[in-house]
Amino acid sequence: AQRGPSAVARVKVGFRAALSSVWRNATIRLLLEERKLQLLIPYNAAFGLVNALFGFYVNSKIVADLHGEGAVGAFGVVMQVTALVMAAPLTRLSNLPSLGRKLVMSLGSVAYTVLLVLLLTLTNGPAFESSFLVGFIFFLCGFGNCVWQGCCAAVHSD
């Protein structure tokens, strides 16, 4: 005859379920009550969508097809170096009283917006054969990512 889970196993499962429910309810309550977190939802969504778009569309359809697969890594370096180089100046700017974080978040939003407008208006046209334009798109993504990873994360922790 098969035996069911031990009492300890049943307690562990029950505890995990209860803890998960508590965290989920606390998260939903915090999102409903905290205005600052509500305002960050679009920026978090933009970060996720832009980076998914880069992995799926930009790297495979634009860079690999028009510039070769070896260029994917080279343009990826542009994005990472941009985030690295911009981290210190954006941190100093975001620490300015009253205006700093708002300005930095706005700049990151502008970077993502310009990036998406470029991708939507120049879809797979001859403009993407320009390494400068593709590098600029990766620069914009790196700048927006830097804002998200620095300033946006700091606002979350507040």
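Worth saying up front: this structure is predicted, and the values here are computed from it rather than measured.

### Here's the deal with the nonpolar core
Working step 1: Of all hydrophobic cores here, the largest spans 33 residues; its most connected members are Phe54, Leu115, Ile137, Phe138 and Val147.
Working step 2: When contributions to this core are tallied by element, the ones reaching two or more residues are helix 2 (35-67), helix 3 (70-94), helix 4 (100-121) and helix 5 (131-157).

### Topic: a nonpolar patch on the surface
Working step 1: A contiguous nonpolar surface patch, about 520 Å² in accessible area, is contributed by Val78, Val110, Val114, Phe132, Phe136 and Phe139.
Working step 2: Elements that contribute at least two residues to the nonpolar patch include exactly helix 4 and helix 5.
Working step 3: Examining the composition of the nonpolar patch, we find that three residues originate from one element, helix 5, more than from any other.
Working step 4: The exposure class of phenylalanine 132 is exposed, given its relative accessible area of 69%.

### Details of the confidence of the model for the protein chain
Working step 1: Confidence in the prediction for the protein chain averages 79 pLDDT; 80% of positions are at 70 or higher.
Working step 2: The secondary structure element of the protein chain with the lowest average pLDDT is helix 1 (residues 7-33), at 67, and the one with the highest is helix 3, at 89.

### So, the environment of glutamine 149
Working step 1: Positionally, glutamine 149 belongs in helix 5.
Working step 2: The exposure class assigned to glutamine 149 is partly exposed, which follows from its relative accessible area of 49%.
Working step 3: The sequence separation of glutamine 149 and alanine 83 amounts to 66 residues, and the corresponding C-alpha distance is 9.0 Å.

### Quick word on the environment of leucine 133
Working step 1: One can find leucine 133 in helix 5.
Working step 2: Assessed through its relative accessible area of 14%, leucine 133 is described here as buried.
Working step 3: Distance from leucine 133 to leucine 118, taken between C-alpha atoms, is 9.3 Å for residues 15 residues apart in sequence.
Working step 4: Those residues within four positions of leucine 133 in sequence are excluded, and the remaining contacts are Leu118, Leu122, Ala127 and Phe128.

Reading the values: rules and limits
Note on numbering: residues in each chain are counted from 1, in written sequence order. Totals for whole chains, interfaces and linings use every residue, but because this is a predicted model, local features are given only for residues with pLDDT of at least 70 and side-chain atom pairs only at 80 or more, for both listing and counting. The basis for the side-chain values is all heavy atoms of the structure; hydrogens and waters are excluded. For this analysis, a nonpolar core means a set of buried residues of the types Ala, Val, Leu, Ile, Met, Phe, Trp, Tyr and Cys, connected via side-chain atoms within 4.5 Å. Exposure classes here rest on a 1.4 Å probe applied to the protein chains alone. A residue is buried below 20% of its type maximum, exposed above 50%, and partly exposed in between. Secondary structure elements follow DSSP: runs of H or I of four or more residues count as helices, runs of E of two or more count as strands, with numbering from the N terminus. Each patch groups residues whose relative accessible area exceeds 30% and which form no salt bridge, using 9 Å between like charges and 5 Å between nonpolar side chains of Val, Leu, Ile, Met, Phe, Trp and Tyr. Here the open area of atoms and residues is found with the Shrake-Rupley method and a 1.4 Å probe, where only the protein chains shown may cover a residue. We count a salt bridge whenever a side-chain nitrogen from Lys or Arg sits within 4 Å of a carboxyl oxygen from Asp or Glu. One number per residue, pLDDT, summarises how confident the predictor is, and it ranges from 0 to 100. The contact rule is simple, with two residues in contact once any of their heavy atoms fall within 4.5 Å.

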